[in-house]
Amino acid sequence: MSTATAQMDERARELLEGAQLEVESVEYRTMEQTMTMIWYEPDGTVVSETTTHIAIDFEDRRVAMSTFADDELVSKTMYVDGESTLFTPDTGAIPAPPMLAAIFDLMLDEPAQDSWGDATVASYDGFHSYAGIVSGEQVTVMGVDVPVPGLDMATDMRVLFDDAGRIAAVVVGTAEAGTVLMVFDTPIPALPLSLQSVTTYMLEGEEAVLTSRTIFEEVRLNEPLDERLFDLEVGGR
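Here we summarise the structure given alongside this text. The structure displayed is predicted, hence computed values, not measured ones.

## Quick look at the pairing of strand β5 (residues 83–88)
- Residues of β5 alternate between two faces, with S84, L86 and T88 buried on one and E83, T85 and F87 left unburied on the opposite face.
- Alignment of strand β4 (residues 72–80) against β5, held across five bridges, turns out to be antiparallel. Counterpart to V80 in the pairing with β5 is E83.
- Both β5 and strand β6 (residues 92–95) contribute to a ladder of four bridges, which runs antiparallel. Among the inter-strand pairings, F87 is bridged to a residue of β6, identified as A93.
- Where β5 hands over to β6, the hairpin turn is made up of three residues, counted between the paired strands.

In structure tokens form, the structure reads like this:
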């Protein structure tokens, strides 16, 4: 998408296109990543912590995803030949809910090379700060598509840029979840947002309440995948 439109402020266009220019277009063949999710109570107490290992074979349209808690396997999900299977220690292997197949199809459609979807309207909002946690120049991008299977959603996204023009945080408001502030561990260029370690807060007035941490411990792109990952009998990673 070209962000140079009559419906986009000049400064908004400069920031969005500047971040996009830093992104090298990559043809993805495989992706393997380990991600830890930590959820918190409003007082900062840890509610739960899980680690998920995901292997994606774009060429053969296969996904293997294993989730662990306290180093114990919670579940393993496989998507091969258009069919998804769920394994848990309690149930063994059973057909996975149909929604999972739609989610895996999204994963297998190579990561988009445009963070802003089909949005063509953006405004420059000046300097903003959120709860003393993060600050920078803000651009609001209108009508960004939200890739949720079965739902046709679009929302406005507030993007906060640091002094170097990198993305420091994103703010998204939804009727269901409220206003969510996502602060990246390290300011980044435009893509891929989905592979960055991030801390998430709920914004309540001038306050920000910590809700979760997503930590990517390793991300490997276009390296050979161990075929045992796609063997449901093996289990684990």
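## Describing the environment of R228
- Within the element layout of this structure, R228 appears in the segment after β13 (207–221).
- Expressed as a C-alpha distance, the spacing of R228 and A64, which sit 164 residues apart in the sequence, is 9.9 Å.

## Concerning the packing of aromatic side chains
- Under the defined criterion, the tally for this structure stands at two aromatic pairs.
- Ring geometry for Y28 versus F58: centroids 6.1 Å apart, planes at 50 degrees, classification tilted. Taken as a pair, Y28 in the loop between α1 (10–21) and β1 (30–40) and F58 in the loop between β2 (46–57) and β3 (62–69) lie far apart in primary sequence, 30 residues in all.
- Between Y79 and F104, the ring centres sit 5.5 Å apart and the planes meet at 35 degrees, which makes this aromatic pair tilted. Of this pair, Y79 sits in strand β4 while F104 sits in helix α2 (residues 98–108); the two residues are 25 residues apart in sequence, bridging distant segments of the chain.
- Residue classification places Y79 among the buried positions, given a relative accessible area of 5%.
- Residue F104 is classed as buried on the basis of its relative accessible area, which comes to 0%.
- In this structure, R62 is placed above the aromatic ring of F230, and the distance from its NZ or CZ to the ring centre is 4.0 Å.

Rules used throughout
- Residues numbered from 1 in each chain as written.
- Predicted model: local features only at pLDDT ≥ 70, side-chain atom pairs only at ≥ 80, totals over all residues.
- Heavy atoms only, no water.
- Buried < 20%, exposed > 50% of the residue type's maximum accessible area, 1.4 Å probe, protein only.
- Helix = DSSP H or I, 4+ residues; strand = E, 2+ residues; numbered from the N terminus.
- Pairing = 2+ DSSP bridges.
- Phe/Tyr/Trp six-rings, centres within 6.5 Å; stacked < 30°, edge-to-face > 60°.
- Lys NZ or Arg CZ within 6 Å of the ring centre and 35° of its normal.

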